[in-house]
Amino acid sequence: MRKKLMLLCLAAVSVFSASAQKLVTQLPVDSGFVFGSDYFIYALPQTAFQIDVVVTQNREMKGIYSDYASSLLGLNNIVSQNRTTYELKSVSVTPVTLPDEDYVYAVELSPAQKKSLFLNKLYESQAASEKDAEVPAHDFGTQPIPDFFRYYSDLAYIEQANNYTETQIVDGVVRQVPASRVSKVTKTNEQKAQEAADMIDKIRKDRYALLAGEQEVAYQPATFSQMIDNLNELEKNYIGLFAGFSLSDELHYQVVVFPGQTNITPAFSFTTSNGFSEAAGAAADTYYLVIAPQYSLEPVAAFAGVRANGKKYVEPSGYRIRRPVPSDVTLNHGHKTVFSVGTCDVYQFGKIEALPVGNDDFDIAKFVVIY
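What you see is a predicted model; the values in this text were computed from it and never measured. (Residues numbered from 1 in each chain as written. Predicted model: local features only at pLDDT ≥ 70, side-chain atom pairs only at ≥ 80, totals over all residues. Heavy atoms only, no water.)

What follows deals with the overall build of the chain. A tally of regular secondary structure across the chain gives eight helices and 14 strands. Counting all 371 residues of the chain, 31% fall into the buried class. For the chain, contacts bridging at least 24 residues in sequence account for 78% of all contacts bridging at least 6. Within the structure as shown, the chain displays about 23800 Å² of accessible surface, and the carbon and sulfur contribution to it stands at 54%. (Helix = DSSP H or I, 4+ residues; strand = E, 2+ residues; numbered from the N terminus. Buried < 20%, exposed > 50% of the residue type's maximum accessible area, 1.4 Å probe, protein only. Contact = heavy atoms within 4.5 Å. Areas by Shrake-Rupley, 256 points an atom, 1.4 Å probe, with all protein chains shown as cover.)

Spelled out as structure tokens, the structure:
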């Protein structure tokens, strides 16, 4: 009878060990690690914050004839120097869950898991969750400098006639004959500016003649409107040579911030002179991610520390999981809140727990990121 009981106990132990996870090992492993047959890899999750920043870039460009804008055209409100300034238009913060590469584990499958096609189900559930986690991308681009301003050029010289008297001897008779020599002389900037101003005057006269009907031509309405628009655009381009011009662009930036277990993490910096930077700058220019956990795990950690010091305590060797701690998250600039995320789960403040072996039915995919 005792022999039968012992055999039954041995059989029960063998069945239990066959159905349990054989090994959960934190990576990386050393060269002496003994590998089993089938594994899957997972990482504990961590909470990151995707910050989308929209910046308005204002570019002012001085006209090439700005020095003559007042004297030739009477323009005083002009761009006097090239400069670029920036304005922070909007900021938004979105929490995202990503794998924590500092906590990666390899799990050797049990015979029961192999038989139930555990890996197939695991990867299918993970693929479905990844589709929901797609992050939209942004397009970047700025307005080009207007072609008229960029490629404008005028003849750099003028032909100048120099008159003089040439002495000629014909049939022994000496004569003074008037002559002329044409040479090319480089224009001054003032002469070039005057020609551009004259062009503006001509455009205005042509437009007035067209509006007054001096040509006595019955243009179609669409044709008439197109000619007026072309003259307006041409005048605008020439005035830009004196007054300069401004361009306003919308720049989109995206940065992902990984906070540690600290409550304040630098997110990015911004100045009106240099714009956006992912690197933290001076304290007055830096925006900070501020995380305030709604409760503390210090009592739990203290209890676990005392428990681990017990003589009979054995650390569980099954799955490792980390549950998040609800936290209030804001993006601050100085003492001002720029954006409030509200309350969200932050894994970094959670405690890593080791579960006992033998949890084949435990849905590990709900708690980790599968590789």
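Here we come to the sheet that holds strand E12 (residues 336-346). Overall, antiparallel pairing links the five strands, which are arranged E8-E7-E9-E11-E12 in an open sheet. Taken across any chain shown, the strands that pair with only one partner, and hence form the sheet edges, are strand E8 (275-277) and E12. Between one strand axis and the next, the sheet turns through 25° on average, direction left out of account. (Pairing = 2+ DSSP bridges. Axes fitted to C-alpha atoms, helices over the stretch in contact; angles between N-to-C directions.)

Look at the link from Leu27 to Pro28: it is a cis peptide, with omega at 5°. The topology assignment puts Pro28 in the loop between strand E1 (23-26) and strand E2 (39-61). At Leu117, a residue that is not glycine, the phi angle is positive and equals roughly 55°. Relative to the assigned elements, Leu117 resides in the loop between helix H3 (111-115) and helix H4 (118-132).

Confidence in the prediction of the chain, expressed as mean pLDDT, is 84, and 85% of residues score 70 or more. Note that residues 1-20 has pLDDT below 50 and, in this model, nine contacts with residues that lie over four places away or in other chains. (pLDDT = per-residue confidence, 0-100.)

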